[in-house]
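# Structure assessment
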Amino acid sequence: MTTEIVLMWAALTCYVVATALFVFGVTFTKEKLIHNGLLASALGLLPQLAALGVRWARVGHGPYIGYYEVANGLTLFVVAFFAIGAWRNRRLSAAGIAIMPVAVLLLGGAMLASKTGLPLTPNLASYWLFIHVAFANLAFAAFVASFGLAIAYVIRARSASGTWAERLKRLPAQDVVSELTTRFVLAGFLFWGIMIVSGAIWANQAWGRYWGWDPIETWSLIVWIIYAVYLHVRFTLGWRGERLAWFAIIAMPVSLFALLGTPVVFNSVHGGYIGGVDG
Amino acid sequence: MIRGVLRKVVAFLRSAGLAAGLMVFVGVWSMLATFVPQGDISNPEVAAWASAHAAVEPFVRFLGLHQAFSALLFRLGVFALAVATALCAWQRTRVALARMQTLKEAAIADEASVSAVHDLEIVCDPGLSATDVISRTADTLEHLGIRTKRRGDVLVAVSRRWAVWGSPVFHWGLVLLILAIFVGGLQRSEGLMGVAVGETKPDAPASYGTLRSGPLHDWGRVHRSIRVDAFDTDFRSGNLDRGPTPTVSVLDAGGRVIKKQPVYPNSPLQSGSLTIHPSEFGFAATLSVMNASGVEFGRATQLIDISQTATEGTVPVGALTVSNEAGTGQLSVFATVPMDRVNGQLALPQERVARVSVRASDGRPVLDRVMRPGEEMALPAGDTLRLDSIGFYARLNIVDDPTIPLLYAALAVAMMGLTLTVVARQQIVLATAIEGENGLRLVATLRLWRNVPTNRNEIESQLATALRGDEEDVS
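Everything quoted here is computed from the prediction, not taken from an experiment. (Residues numbered from 1 in each chain as written. Chains lettered and ligands numbered in written order. Predicted model: local features only at pLDDT ≥ 70, side-chain atom pairs only at ≥ 80, totals over all residues. Heavy atoms only, no water.)

## Description of the overall build of chain B
A tally of helices and strands in chain B yields 10 helices and 24 strands. At 36 Å, chain B has a C-alpha radius of gyration far larger than the 23 Å of a compact globule built from 475 residues. Expressed as lengths along the three principal axes of its C-alpha atoms, the size of chain B is roughly 125 × 55 × 50 Å. Each of the 475 residues in chain B was classed as buried or not, and the buried ones make up 46%. In chain B, of all internal contacts separated by at least 6 residues, the share reaching a separation of at least 24 is 60%. Taking the 44 positively charged and 45 negatively charged side chains of chain B as two groups, their mean positions are separated by 4 Å. (Helix = DSSP H or I, 4+ residues; strand = E, 2+ residues; numbered from the N terminus. Rg over C-alpha atoms; globule rule 2.2 N^0.38 Å. Buried < 20%, exposed > 50% of the residue type's maximum accessible area, 1.4 Å probe, protein only. Contact = heavy atoms within 4.5 Å. Lys, Arg positive; Asp, Glu negative; His and termini not counted. Charge placed at Lys NZ, Arg CZ, Asp CG, Glu CD.)

## Side note on the domain arrangement of chain B
In terms of domain boundaries, chain B breaks down into domain 1 (2-92), domain 2 (108-159 + 425-466), domain 3 (187-281 + 397-417) and domain 4 (283-390). Between domain 1 of chain B and domain 2 of chain B, the C-alpha centre-to-centre distance is 50 Å. (Domains from an automatic or database assignment.)

## Regarding the sheet that holds strand E14 (residues 320-322) of chain B
Residue and element names in this part refer to chain B. Within the open sheet, the four strands sit side by side as E14-E15-E18-E19. Their pairing is antiparallel. Only two strands of the sheet have a single neighbouring strand rather than two, namely E14 and strand E19 (365-371). Averaged over all adjacent pairs, the angle separating strand axes in this sheet is 25°, with direction ignored. Here strand E18 (residues 354-360) runs beside E19; their pairing, made up of six bridges, is antiparallel. For Arg359, the partnering residue across the bridge sits in E19 and is Pro365. (Pairing = 2+ DSSP bridges. Axes fitted to C-alpha atoms, helices over the stretch in contact; angles between N-to-C directions.)

## Focus on the packing of helix H1 (residues 2-27) of chain A against helix H4 (residues 96-112) of chain A
All names here are of chain A. For the pair H1 and H4, interaxial distance at closest approach is 9 Å and the crossing angle is 155°. In terms of axis orientation, H1 runs roughly antiparallel to H4. Handedness of the crossing formed by H1 with H4: left-handed. Contacts between H1 and H4 involve Ile5, Met8, Trp9, Ala11, Leu12, Tyr15, Val16, Ala18, Thr19, Phe22, Val23 and Val26 from the first element and Gly96, Ile97, Met100, Pro101, Val104, Leu107, Gly108 and Met111 from the second. (Parallel < 35°, antiparallel > 145°, perpendicular 65-115°, else oblique. Left-handed = near helix turned anticlockwise from the far one by under 90°.)

## A word on the interface of chain A and chain B
Interface size is commonly expressed as the accessible surface area that is lost when the partners come together. The interface of chain A with chain B comprises 41 residues on the first partner and 48 residues on the second. The junction of chain A with chain B conceals about 3,800 Å² of combined surface from both sides, 69% of it contributed by carbon and sulfur atoms. At the boundary of chain A with chain B, the tally comes to zero salt bridges. For the interface between chain A and chain B, the tally reads 11 residue pairs in polar contact (both at pLDDT 80 or more). Among the elements of the structure, helix H7 (174-207) and helix H8 (215-235) of chain A are those that each provide at least two residues to the side of chain A that touches chain B. The dominant element in the side of chain A that touches chain B, judged by the number of residues it contributes, is H7(A), at 16 residues. A class-by-class count of the residues in the side of chain A that touches chain B yields 28 nonpolar, nine polar and four charged. (Buried area = accessible area lost by both parts, 1.4 Å probe. Salt bridge = Lys/Arg side-chain N within 4 Å of Asp/Glu carboxyl O. Polar contact = N/O pair within 3.5 Å; in protein donor to acceptor, adjacent residues only side chain to side chain. Nonpolar A, V, L, I, M, F, W, Y, C, P; charged D, E, K, R; others polar.)

## What to know about the confidence of the model for chain B
This prediction gives chain B a mean pLDDT of 91; 97% of its residues lie at or above 70. Low pLDDT (under 50) marks residues 470-475 of chain B, which in the prediction has 17 contacts with non-local residues, meaning those over four places away or in another chain. (pLDDT = per-residue confidence, 0-100.)

## Here's the deal with the nonpolar core
Ranked by size, the top nonpolar core spans 137 residues in total, and within it A:Tyr15, A:Trp192 and A:Trp224 carry the most contacts. For this core, the leading source of residues is H7(A), giving 19 residues. What A:Trp192 contacts, discounting residues up to four positions off in sequence, is A:Ala139, A:Phe143, A:Ser220, A:Val223, A:Trp224, A:Ser255, A:Ala258 and A:Leu259. Counting 41 residues, the second largest nonpolar core, distinct from the first, contains B:Val250, B:Leu274, B:Leu385 and B:Ile390. (Core = buried A, V, L, I, M, F, W, Y, C linked by side-chain atoms within 4.5 Å.)

## Overview of unusual backbone geometry
Residue and element names in this part refer to chain B. Unusually for a residue other than glycine, Asn266 sits at a positive phi of about 75°. In this fold, Asn266 is placed in the loop between strand E9 (257-262) and strand E10 (269-271). Its identity as a non-glycine residue notwithstanding, Asn451 has a phi of 60°, on the positive side. Turning to its location among the elements, Asn451 is positioned in the loop between strand E23 (439-450) and helix H10 (456-467).

## Re the packing of aromatic side chains
Residues and elements named next belong to chain A. Using the criterion set out here, one finds 29 aromatic pairs over all chains in the structure. Ring plane angle 70° and centroid distance 5.7 Å describe the contact between Phe22 and Phe82, whose orientation is recorded as edge-to-face. In this pair, Phe22 is assigned in helix H1 and Phe82 in helix H3 (residues 67-88), connecting sequence segments 60 residues apart. Note on Phe82: relative accessible area 5%, which makes it buried. Directly above the ring of Trp87 sits Arg90, whose terminal nitrogen or CZ lies 4.3 Å from the centroid. (Phe/Tyr/Trp six-rings, centres within 6.5 Å; stacked < 30°, edge-to-face > 60°. Lys NZ or Arg CZ within 6 Å of the ring centre and 35° of its normal.)

Spelled out as structure tokens, the structure:
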């Protein structure tokens, strides 16, 4: 347990440092600091992966059960998604100023939660669990990426020729940022859809019904509908610019609530993945 | 006139604004529904919420939010959304067909056709040759993420024709999904059936404790029975404790076993459209009645549920009725199995005994005794009640839904369409260099529909820079 916790703190430290580097790099227009922020983000993935590997070996399952594990999995995907994307297109690195704080908050929250390893209940013991969780994590990572870019878009739009426009000048042009935001939303929409579909097939196998309007199921559908509306207003109603960016900014916390908040707020047959009571 | 009105209605239902509005309605309605307890007013949770929120309760009840997902308003919204989705799918199909034709024509475009029809012209640096222009254009486009092929003197980057089908396939998948759910609701039967170990019950409405059956579910065509062969309270498989697990058999009309297996979460028994899952389990006490001569004339099994709130941890499911041999003097028999308690929690009893209570037809208690299997108890009319055995029973969740494969097919189609929408690029880029009155010019046709990593403005400005000429858009 100690090794795992030490590694996890090391990961969190890397992410905090990365966040600070992004903030200073963008604020003082220091390209090197932004680059180092990206490096620190990628570096943090190593101890986090190692910690999760140690835990997997200890508890016998992946990061699926309990707030600590679920938030950890989400953080890992958010940082990896961002690091890979920014590595391939360095101009996106500055979006780390909005993305890495989400990772820090998630992992910081996880570090405050109980770290007791919870056993896999009979209801959760299925290969669908891996598919379902993997796509939930992928979807959330894509939504956070769209959130980060949308924040950058709004900041620049509000400071058309001002200080912040200058600070974020390394990002691609506004219309490209907007297009990228939409593409991340589209990717997240696909992953979230696969998460719902795999969940429905799994529910049918585990409980004999593919959909039961359970609060967690309902909220996952709500998130999908919110992003469907985003795509509709973008592609068919022609929304562009700041109001579309605000849409992406507001939608992401709803997806976070669906993943981490609903099992706490509502009684649900799915509640076990956070509380570890049952599957 | 009727055609005109119909056209307006279709246009309204097809409008993007209505589709977005309906999605917002379904989303907001669903959100509200998660904060309002679901069920009818007899549900204690609903009743408690209603009294705690007396001010809004009439409004909530008027809207039907206590049974939000079967409420008329919600159904109407979903129906309208389904119609809008179908019309949208049709519209997208027409767009896809048109784009396919455009892609087909673009795929065979040559220098003459691009020279004749284009939407971008850039006057090039006089020092550049046609080969330089083509080469620089290819490099610039590649830098922007568009890889071109050279066909003669024309640069070509044209998507494959199937690339345009993502969105229509996704929308048709959704329409198919809604249809599958609707048809499933008409066809599906789902219910809970309690079966004691060793007992066989016909798959018929009378065998179910609770049952929901669609109007098109034809019970007359169901000729099978369900048997529970064994019950293991700690079944292990794959190095994992699967919990209480019954072994279930499905038998055909002739009593032959069609399928038999242990049934536990994530491992249901599937036979055709039938799926059997474990739901709960309890005890099954078998009792028989004998006359004064010791001849047995009745035997029945009492199902007993485990209950956290019951004093001894179990409650009987209904009651058994015992008559004398002549069929008169009815008595009600209730049996429970007292559970053990370990650290305040209910636990299966080390020794299984039954508390058997007998009541007269007016409800008056007649007898109450704790019995072990094999023990007998004299009834007031001279007959004898014997506890034959105490075993387990499994409450099975039995679903018969032939539309599940259709539903899965719809989900697969929708996801394949969505994947195509996300990954497939929809573009036409054709460019060539032509000699004109003002010297060498780059002429190009650009159609950047979906998933192109750049945009028209960026292409135009970068090409203008690369070719060092004046930019002129003729679109």
